[in-house]
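Coordinate inspection notes
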Amino acid sequence: MALQPSLARRSSAVLEEARQRLRQRFLQRWPAAQAVPSEALAVTAMPETQDCLQAARERLRIRYLAKWPVAVEVNAPRVLSKVYSQSPYLEEARQRIRTRAMARFGPKEELPELQVQDTATGQSRPLLPGHSSASPLLLGQKPIMPLLLGTMRRPSMLRAVSTRVSSSSPLSPRLSFLRPRTVSLIGAPIADGQPLGGVDLAPDAIRQAGLQRVVERQNFNFQDSGNVGMMTGSLSTDQETQLVKNSSVIGRKVGELHKSAKAAAADRNFVLTIGGDHSIASGSITGVHAHNPNMSVIWVDAHGDCNTPESSESKNYHGMPLAHVLGWFETSLPGFEWCDQHLNECGPLPESRVALVGIRDLDAKERAFVKQSGLHVFTMSDIDCFGIGQVMEMALACVDNQGTRPLHLSFDIDACDPDVAPGTGTRARGGLSYREAHYICERMSETQRLISMDLVEVNPSLDDAMSQRLHGDDPDIKGSRTVSLGVELVASALGKCIL
C-alpha cells in the first residue's frame, strides 16, 4: 500500500534527522574526520532503496580516511564501482603494498623467462603456459619466495642463493643421469657411537616390518646385501677414549660399510643404509661420494652432528659424522684410516652442498662451528615460519640451484617429534610432525635425483607398540610405531605419494 505524500515527507524528515544524529555522534568520536575534504563526504544521489547502504559505505570510508590519512594522497580513482577489481579501497591497498615492497626490497628485478626444451620438436618453449619473466621464480613446479632480501626474516643459516635458474633446472625432463631402479639394502647394526643399546636391532626389525614388499611395490628391484660391521672389537685404549669413545671399533665397522656403499654406488644402485646410530653416515656418504663427486646432501636431524673430537663433551662419535666428512677433524682417529684416504683422494664434502633441516638441539661449541661454516641450516623455527614446503624448496635451491646434482638424504628419526617417533635414544621436543617428515621424503623423490638414503637412530627397544591400526595404514607394514614410520618414510623417498 503506497504511503500518502504527507506521510512520505514525514518519514524522509525522520530519516534525515537520524542521519544527522549519527553524523554528530561519529564526529564526536572521530574528530579527525573534520579534516577530510568535503567532496569525500558527499553522497551521490541514489535511489531511495539504496540510500541507507550508500550512507553506510561513506561512513566506513570516512572512518578509513581518518585512520589512514596517507591514503588521501594515493593517486587512485575515488568513484565507487560495482566491479570489485576497480574498488578504490582495493587499489589503495595495492598501492600501500607496492610502496612497502619498494622500501624493503628495492626496485623489482626482472627475471629471465624460464624455458624447457620440447623433447618432441626440439624447440624451446615457455616453462608454463602464460609464464613470463615477471612471474615468480619456480623450482620443482613450486613457487620460491624471495631470498635474502632486506630485513625480511630469513632462515637461520641460509647462504647467498642465486634466484636465477638456468634451462638445466630440475624442471627439465632431461636429466644428466638415470635414477637407479635397484635398491641395495645395507644393514648397519652399529651402536658403538652412543651409549644406549637396542639401536643395533633396527635393521632386522625394519626388514621384518615389510621393507622388501614396500620397495618392490614402488617398482624397484630389491637387493639385500645383509648386515655389515658385525665383528666384535676390543675395548678402546685410554688414548683413544680421550679422542672418541670406541674409535677403533667404530672405525673398522663403518669402514666395512664404506666399502659396501661404494660397491653399490659403482653398480648405479640406490644405496639404502639402515642403522644403527648416525655414526654410519660417514661410511655411507663417503662410499656414495666416491662415485658421485658432485653430490649434495640433505641432512634431516634434531642435532647438527657437527662436533669434532676436541669440541665434543660426550666424545660419542654419533655426534660427529658430518663434521668428519666435511673435513673438520684436526687429528686422525684410530680405525678411520680409510676415511683419511677418501678425504685425500676425493676431498671433503663441500659445506655449500649440505643443508640441515629440522635442527633444534645444538651444543654450544657446535653452534659456533655451524654459524662460522658455509652450511645451510633450517631450524624448526624456520619450519614454523615458512612451512616445510617452502623450507624444502629453499634447501634444494641452496645445495643444487641448477637442479643437476645427485642427492643423498640422511634421515635421523629423532628429527621427528617424540609423539610421532618415540623409539629413539636422543629425543628432543618440538620436532617434525608425521606429515612434515613424509613431505621431506616425498619432495626428495620428486626431484628424480635421489640416489641414496640413510635411516638411522631407530631403537626398537625404546619403541611403543602400535596401539591400533587406522584406516589409511599400509597393511603390508608391520611392527612398532617408530619401526613402521621408518618403513613408511623409505616408501615415500622411493616415490610413494598420496595421489
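Our subject is the structure that appears above.
About the criteria used
Residue positions are counted from 1 within each chain, in the order its sequence is given. Selection of residues for local features in this predicted model requires a pLDDT of at least 70, selection of side-chain atom pairs for listing and counting requires 80 or more, and totals for whole chains, interfaces and linings are taken over all residues. In computing side-chain values, all of the structure's heavy atoms are included and hydrogens and water are not. Inter-axis angles, ranging from 0 to 180 degrees, are taken between N-to-C directions of lines fitted to C-alpha atoms, where helices are fitted over the stretch in contact. Helix and strand assignments come from DSSP, with helices taken as H or I runs of at least 4 residues and strands as E runs of at least 2, each series counted from the N terminus. Crossings are classed by handedness, with left-handed meaning an anticlockwise turn of the near helix from the far one by less than a right angle and right-handed meaning a clockwise turn. In this description, contact between two residues means that some pair of their heavy atoms is separated by no more than 4.5 Å. Only centres within 6.5 Å qualify two rings of Phe, Tyr or Trp (six-membered ring in Trp) as a pair; their planes then separate them into stacked at under 30 degrees, edge-to-face at over 60, and tilted for everything else. Type-normalised accessible area, obtained with a 1.4 Å probe on protein chains alone, sets the label of each residue: buried when under 20%, exposed when over 50%, and partly exposed for intermediate values. Counting as a charge over the ring demands two things of the Lys NZ or Arg CZ atom: a distance within 6 Å of the ring centre and an angle within 35 degrees of the ring normal. Side-chain atoms alone can form a polar contact between residues adjacent in sequence; in general such a contact is a pair of N or O atoms within 3.5 Å, and within protein one must be able to donate a hydrogen while the other accepts it. Strands are labelled as partners when DSSP assigns at least two bridges between them.

Relative orientation of the contacting elements helix H9 (residues 281-289) and helix H11 (residues 337-346) amounts to 35 degrees, with a least axis distance of 11 Å. Relative to H11, the crossing made by H9 is left-handed. From H9, Ser282, Gly283, Thr286 and His289 reach across to H11, where they touch Trp338, His342 and Cys346.

Moving on to the packing of aromatic side chains. Evaluated as defined, the whole model comprises three aromatic pairs. Between Tyr317 and Phe336, the aromatic rings sit 4.8 Å apart at their centres with planes inclined by 40 degrees, giving tilted as the arrangement. In this pair, Tyr317 is assigned in the loop between strand E8 (296-300) and helix H10 (321-325) and Phe336 in the loop between H10 and H11, connecting sequence segments 19 residues apart. Residue Phe336 is classed as buried on the basis of its relative accessible area of 0%. Directly above the aromatic system of Phe220 lies the positively charged group of Arg181, at a separation of 4.0 Å from the ring centroid.

Here the focus is unusual backbone geometry. Leaving glycine aside, a negative phi is the common case for residues, and trans is the common case for peptide bonds. A cis geometry characterises the amide bond from Gly275 onward to Gly276, with omega recorded as 20 degrees. Within the secondary structure layout, Gly276 lies in the loop between strand E7 (270-275) and H9. With phi around 60 degrees, Arg268 is a residue other than glycine that occupies positive phi space. Relative to the helices and strands, Arg268 is located in the loop between helix H8 (247-266) and E7. Residue Arg268 is classed as partly exposed on the basis of its relative accessible area of 48%.

This next bit is on the side chain of His278. Tracing the chain through its elements places His278 in the loop between E7 and H9. A distance of 2.9 Å separates polar atoms of two side chains, one belonging to His278 and the other to Ser410. The residues contacting His278, other than those within four sequence positions of it, are Trp299, Asp301, Asp305, His318, Pro321, Ser410, Asp412, Val456 and Glu457.

Once that is clear, we can look at the sheet that holds E8. Taken in spatial order, the eight strands line up as E6-E5-E7-E12-E11-E8-E9-E10 in an open sheet, and their pairing is parallel. Each edge of the open sheet is held by one strand with a lone partner, namely strand E6 (221-227) and strand E10 (376-379). Pairs of neighbouring strands in the sheet enclose a mean axial angle of 15 degrees, with direction left out of account. Pairing of strand E5 (residues 182-188) with E7, which is carried by six bridges, proceeds in the parallel orientation. Opposite Ala188, over in E7, you have Gly275 as the bridge partner. Each of E7, E8, strand E11 (407-412) and strand E12 (450-456) touches H9; the most contacted strand, E12, lies at about 170 degrees to it.

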